[in-house]
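As a plain string of letters, each chain reads:
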Amino acid sequence: YIVKAAQDYVRAHSDPESLIIGGELYFNERALAIAEPEVYNQKARAALDKALALIEDALVALAPDDSKRAGLLSLGKRARQILSSLHTLATNWFKRAQQSLLEGASDNALEFIKRSIELEPENPEWWLLQANAQLALAKAARDAGNVRTADKLAGEAAQSFQGVIAREPALLRQYLEAQ
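Residues numbered from 1 in each chain as written. Predicted model: local features only at pLDDT ≥ 70, side-chain atom pairs only at ≥ 80, totals over all residues. Heavy atoms only, no water.

Quick look at the packing of helix H5 (residues 68–102) against helix H7 (residues 124–143)
Thought 1: Here H5 crosses H7 at 30°, and the two axes come no closer than 11 Å. In terms of orientation, H5 lies roughly parallel with respect to H7. At the point where H5 passes H7, the crossing takes the left-handed sense. Each of Ala90, Thr91, Phe94, Ala97, Gln98 and Leu101 in H5 lies in contact with H7, whose residues at this interface are Glu125, Trp126, Leu129, Asn132, Ala133 and Ala136.
Thought 2: Residue composition of the contact of H5 with H7, by class: eight nonpolar, three polar and one charged. (Axes fitted to C-alpha atoms, helices over the stretch in contact; angles between N-to-C directions. Helix = DSSP H or I, 4+ residues; strand = E, 2+ residues; numbered from the N terminus. Parallel < 35°, antiparallel > 145°, perpendicular 65-115°, else oblique. Left-handed = near helix turned anticlockwise from the far one by under 90°. Contact = heavy atoms within 4.5 Å. Nonpolar A, V, L, I, M, F, W, Y, C, P; charged D, E, K, R; others polar.)

Put into structure tokens, the structure is as follows:
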């Protein structure tokens, strides 16, 4: 029922408040977040981003003394607070991934960092840590004699490095210089 309600709210493409409610439903429903976090977190983010864009467009069109302005500013603040929660969650997953990688648990690190990327795909640091976890797993597979798995993981690491390049090439340069 939560999914249906969220879908109904998000279908109201031009109503920022409905989009925010739909985003809240997608993000706050723990059962959804556990079952398919990549799907529902992305839907929450998309609904909230769209609501903010609609609010910004409406604010530009309104006169400074228009009575609707305060309501729109309040809605924008609400949407930004939820997006901030998404960022906090992504950062926490990132920290868990870093710790797991330091402890040698590369497979756990990879799972944790994937969750960060699901929440904030534009962050190049998430992609860089994912590449490091994939390279660590590739090395372990190669050391165990599993060449096919190692090659697959190395290819995935190359794709993750492409994710860094697409978002912030200077970060990859710094990383390579430090290696």
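Notes on the pattern of salt bridges
Thought 1: One pass over the structure, following the stated rule, counts five salt bridges.
Thought 2: The salt bridge involving lysine 139 is made with aspartate 143; its shortest N-O contact spans 3.0 Å. You can see lysine 139 and its partner aspartate 143 sitting in helix H7, four residues apart, about one turn around the helix. Per residue, the accessibility class of lysine 139 equals that of aspartate 143, and both read exposed.
Thought 3: The partner of arginine 142 in a salt bridge is aspartate 151, with the nearest N and O atoms 2.8 Å apart. (Salt bridge = Lys/Arg side-chain N within 4 Å of Asp/Glu carboxyl O. Buried < 20%, exposed > 50% of the residue type's maximum accessible area, 1.4 Å probe, protein only.)

Some points on the environment of tryptophan 93
Thought 1: In this fold, tryptophan 93 is placed in helix H5.
Thought 2: Here tryptophan 93 falls in the buried class, since its relative accessible area comes to 15%.
Thought 3: Remark: the alpha-carbon pair of tryptophan 93 and lysine 114, spanning 21 residues in sequence, is separated by 8.5 Å.
Thought 4: Tryptophan 93 has contacts with Phe112, Arg115, Ser116 and Leu119, leaving out every residue within four places of it along the chain.

Let's talk about the packing of aromatic side chains
Thought 1: Summed over all chains, the structure comprises three aromatic pairs.
Thought 2: On the numbers, 5.7 Å between centres and 40° between planes, the contact of phenylalanine 161 with tyrosine 175 is tilted. Of this pair, phenylalanine 161 sits in helix H8 (residues 147–167) while tyrosine 175 sits in helix H9 (residues 169–178), and the two are 14 residues apart along the sequence.
Thought 3: One Lys or Arg, arginine 96, reaches over the ring of phenylalanine 112 and ends 4.3 Å from the middle of that ring. (Phe/Tyr/Trp six-rings, centres within 6.5 Å; stacked < 30°, edge-to-face > 60°. Lys NZ or Arg CZ within 6 Å of the ring centre and 35° of its normal.)

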